[in-house]
Amino acid sequence: MAPPKWNSSDMNTVSELENKRKASIMLSVLFIGLVVTIGKFIAWNITHSNAILTDALESIINIIAASFGLFTVIYAARPSDENHPYGHGKMEYFAVGFEGGMIFLAGISMIIKAVYSLLHPITLHEMDTGIYITVVAALVNLGMGRYLMIHGKNLNSSTLVADGQHLLSDTWSSFILLAGLLIIYF
């Protein structure tokens, strides 16, 4: 039995569905990222921990990166035109570069905040509550990161993969932060 033959309209339908799926995934990541960021800022407000503040500020970068990723996925889905005869798909690579730059800036800001905290220590409050909130936020980021990696590979989307890797690296930094908070707590 011969495999089914695809015509160009079938391929366009598949491509449109994939593009809608990418946009839907990025929109859900953006929404969940907002919730996680709010949770981290609540944890910081409760504890007054500069480490948790740094983690919360890094989550703002997640939101900016997810917003830019959503934009690029939607833009990349645009059909070919006179100026772009092969389509707009390469736009996703800009999101990958942007995401890398945002991660670099987050690292620099964390170093600056760490040095400042060493020079100007403050008293911490309600560490247990802050630790619980941070654990939940880290686990949500872990789940989102894995979800993005799986779907990014399946949909051949460098934007989804890059955002997934970013969230997984954010998860590791949150777990390291948690280790430090637990040492302080005990």
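Placed above this text is the structure.
To keep things clear, this report deals only with the structure shown in the data block. (Residues numbered from 1 in each chain as written. Predicted model: local features only at pLDDT ≥ 70, side-chain atom pairs only at ≥ 80, totals over all residues. Heavy atoms only, no water.)

At a closest axis distance of 11 Å, the pairing of helix α2 (residues 50-76) and helix α5 (residues 158-185) adopts a crossing angle of 175°. In this view, α2 runs roughly antiparallel relative to α5, as classed from their interaxial angle. Only T159, D163, H166, L167, D170, S173, S174, L177 and L181 of α5 make contact with α2, whose side of the interface consists of A51, I52, D55, E58, S59, I61, N62, A65, A66, G69, T72 and V73. Across the contact of α2 with α5, the residue classes break down as nine nonpolar, eight polar and four charged. (Axes fitted to C-alpha atoms, helices over the stretch in contact; angles between N-to-C directions. Helix = DSSP H or I, 4+ residues; strand = E, 2+ residues; numbered from the N terminus. Parallel < 35°, antiparallel > 145°, perpendicular 65-115°, else oblique. Contact = heavy atoms within 4.5 Å. Nonpolar A, V, L, I, M, F, W, Y, C, P; charged D, E, K, R; others polar.)

Turning our eyes to something else, we now look at the nonpolar core. I25, M26, V29, L148 and L160 are the most contacted members of the largest nonpolar core, which has 14 residues in total. Every element with two or more residues in this core is listed here: α1 (8-47), α2, α4 (127-154) and α5. The greatest single-element share of this core, amounting to five residues, is contributed by α1. With residues up to four places along the chain from it excluded, the contact list for M26 reads A66, G69, L70, V73, L148, L160 and D163. A43, I52, A138 and L178 belong to the second-largest nonpolar core, a separate cluster that totals eight residues. (Core = buried A, V, L, I, M, F, W, Y, C linked by side-chain atoms within 4.5 Å. Buried < 20%, exposed > 50% of the residue type's maximum accessible area, 1.4 Å probe, protein only.)

Take I103: it is sitting in helix α3 (residues 91-119). The exposure class of I103 is partly exposed, given its relative accessible area of 33%. For the pair I103 and S169, spaced 66 residues apart in sequence, the C-alpha to C-alpha distance is 9.1 Å.

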